[in-house]
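# A structural walkthrough
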Amino acid sequence: MNDAPGAAAGAQPDSALGFLPVGLFSAVMALAGPGLAWQRAAAVFGTSSWLGEAILALAACVFLIVAALYWRKLLRHPQAVRAELGHPVTLPLFSMPTV
């Protein structure tokens, strides 16, 4: 039984996908920033940059996962995406995937 608030009986398993926020793309920036900083610090201090490259690879993987999930949300829950596009707070967050 699904005890989540607002859960309809017989809801599809991916119905939670409708609540996936576009702001989740900020997690990619939160990972990429330290990765880029580590690479820059490695160049300045003459140390190995493998950790920065690993963090950037992780950020790329997270981006691909979030993009795939949001694409699925767009296909399965277009009304939720339209609602985010119409909201004054979440509208600017749609620029995050391009950063």
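Residues numbered from 1 in each chain as written. Predicted model: local features only at pLDDT ≥ 70, side-chain atom pairs only at ≥ 80, totals over all residues. Heavy atoms only, no water.

Quick look at the overall build of the protein now. In terms of helices and strands, the protein carries three helices and zero strands. In the protein, the order of α-helices and β-strands from amino to carboxyl end is α-α-α. Expressed as a percentage of its 99 residues, the buried residues of the protein come to 22%. When the accessible surface of the protein is totalled, it reaches about 6800 Å², and 71% of it is carbon and sulfur. (Helix = DSSP H or I, 4+ residues; strand = E, 2+ residues; numbered from the N terminus. Buried < 20%, exposed > 50% of the residue type's maximum accessible area, 1.4 Å probe, protein only. Areas by Shrake-Rupley, 256 points an atom, 1.4 Å probe, with all protein chains shown as cover.)

Now for the packing of aromatic side chains. Given two aromatic rings, one states the distance between the centres and the angle between the planes to describe the pair. Following the criterion strictly, the structure yields three aromatic pairs and no others. With a centroid separation of 6.2 Å and 75° between ring planes, the pair formed by Y70 and F94 is classed as edge-to-face. Of this pair, Y70 sits in helix 2 (residues 50-76) while F94 sits in the segment after helix 3 (78-86); the two residues are 24 residues apart in sequence, bridging distant segments of the chain. By relative accessible area, F94 is classed as partly exposed at 25%. Linked through ring pairs, F25, F63, Y70 and F94 together constitute an aromatic cluster. (Phe/Tyr/Trp six-rings, centres within 6.5 Å; stacked < 30°, edge-to-face > 60°.)

Time to look at a nonpolar patch on the surface. Among the surface-exposed residues, W71, L74 and L75 lie close enough to one another that they form a single nonpolar patch of about 330 Å² accessible area. In this structure L74 comes out as partly exposed when scored by relative accessible area, which is 35%. (Patch = residues over 30% accessible without salt bridge, like charges linked within 9 Å, V, L, I, M, F, W, Y side chains within 5 Å. Salt bridge = Lys/Arg side-chain N within 4 Å of Asp/Glu carboxyl O.)

Let's shift gears to the environment of P34. With respect to the secondary-structure elements, P34 resides in helix 1 (residues 26-45). Residue class for P34 comes out partly exposed when judged on its relative accessible area of 43%. Between the C-alpha atom of P34 and that of I55, which follows or precedes it by 21 residues, the distance is 7.5 Å.

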